[in-house]
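One letter stands for each residue in the lines below.
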Amino acid sequence: VLELKGKKIFSNKKFFPKTKNNEFYINDLIECMILFKNNTSIGKVLSVQNFGAGDLLEVKYNNKLSLIPFDKTNILSVNINKKEIIADPISGILD
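1. Description of the pattern of salt bridges
Then comes step 1: Tallying each qualifying case throughout the model produces 4 salt bridges.
Then comes step 2: Among the ionic pairs, Asp28 bridges to Lys13, the shortest N-O distance being 2.3 Å. Here Asp28, found in helix H1 (residues 26–29), pairs with Lys13, found in the segment before H1; they are 15 residues apart in sequence, far enough to count as distant.
Then comes step 3: The shortest N-O distance in the salt bridge between Glu84 and Lys82 comes to 3.8 Å.
Then comes step 4: Its relative accessible area of 55% is what places Lys82 among the exposed residues.

Given below as structure tokens:
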């Protein structure tokens, strides 16, 4: 184990455990299109950040970078196969 310290370790996704219902790999969320619940576009997920209080989806909306909390309040559904996330961000998130 000590010989691997400080080294990068890679794995093929086919060896990852299957995700449970409402669990996602961060890499699967990147490039998903985020839509308002009325089906208008917010933008694509650029990255997923976490500063200690939970995951945040980074999206460019109206030429401004915004962070949408990845929680039940703001995210209504995720369809990884369609690369689509339906969101209802609370007031002020995208202002």
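2. Comments concerning the layout of surface pockets
Then comes step 1: The computed volume of the largest pocket comes to approximately 230 Å³.
Then comes step 2: Asn22, Phe24, Phe70, Asp71, Lys72, Ile75, Leu76, Ser77 and Val78 together form the lining of the largest pocket.
Then comes step 3: In terms of residue class, the lining of the largest pocket is made up of 5 nonpolar, 2 polar and 2 charged.

3. With respect to the sheet that holds strand S5 (residues 75–79)
Then comes step 1: Pairing within the open sheet is mixed, and its 6 strands lie in the order S4-S3-S2-S1-S6-S5. In the strand order of this sheet, the two ends are held by strand S4 (64–69) and S5, each with one partner. Between one strand axis and the next, the sheet turns through 35 degrees on average, direction left out of account.

4. Notes on unusual backbone geometry
Then comes step 1: In the Ramachandran plot, Glu31 falls in the positive-phi region, its phi being about 75 degrees despite a non-glycine side chain.
Then comes step 2: The phi dihedral of Lys83 is positive, around 55 degrees, even though this residue is not glycine.
Then comes step 3: In this fold, Lys83 is placed in the loop between S5 and strand S6 (84–87).

5. Digging into the packing of aromatic side chains
Then comes step 1: What the rule picks out here adds up to 3 aromatic pairs.
Then comes step 2: Ring geometry for Phe24 versus Phe70: centroids 6.0 Å apart, planes at 75 degrees, classification edge-to-face. Remark: Phe70 occurs in the loop between S4 and S5 and Phe24 occurs in the segment before H1; sequence separation between them is 46 residues.
Then comes step 3: Owing to a relative accessible area of 26%, Phe24 belongs among the partly exposed residues under this scheme.

6. So, the nonpolar core
Then comes step 1: By size, the foremost hydrophobic cluster in this structure holds 15 residues, and its most contacted members are Ile34, Ile42, Val45, Leu57, Ile68 and Ile85.
Then comes step 2: Sorting the residues of this core by element identifies strand S2 (41–50), strand S3 (55–61) and S6 as the ones contributing at least two each.
Then comes step 3: If we ignore the near neighbours within four places in the chain, the residues touching Ile85 are Leu29, Cys32, Met33, Ile34, Leu35, Val45, Leu57, Ile75, Ser77 and Val78.

Rules used in this analysis
Residues numbered from 1 in each chain as written. Predicted model: local features only at pLDDT ≥ 70, side-chain atom pairs only at ≥ 80, totals over all residues. Heavy atoms only, no water. Salt bridge = Lys/Arg side-chain N within 4 Å of Asp/Glu carboxyl O. Helix = DSSP H or I, 4+ residues; strand = E, 2+ residues; numbered from the N terminus. Buried < 20%, exposed > 50% of the residue type's maximum accessible area, 1.4 Å probe, protein only. 1 Å grid on protein atoms, 1.4 Å probe; cavity = no way out; pocket = protein on both sides within 12 Å on 5 of 7 lines; lining within 4 Å. Points joined across faces, edges and corners; volume = space filled by probe spheres on them. Nonpolar A, V, L, I, M, F, W, Y, C, P; charged D, E, K, R; others polar. Pairing = 2+ DSSP bridges. Axes fitted to C-alpha atoms, helices over the stretch in contact; angles between N-to-C directions. Phe/Tyr/Trp six-rings, centres within 6.5 Å; stacked < 30°, edge-to-face > 60°. Core = buried A, V, L, I, M, F, W, Y, C linked by side-chain atoms within 4.5 Å. Contact = heavy atoms within 4.5 Å.

Purely geometric stuff here, so don't read any function into it on its own.
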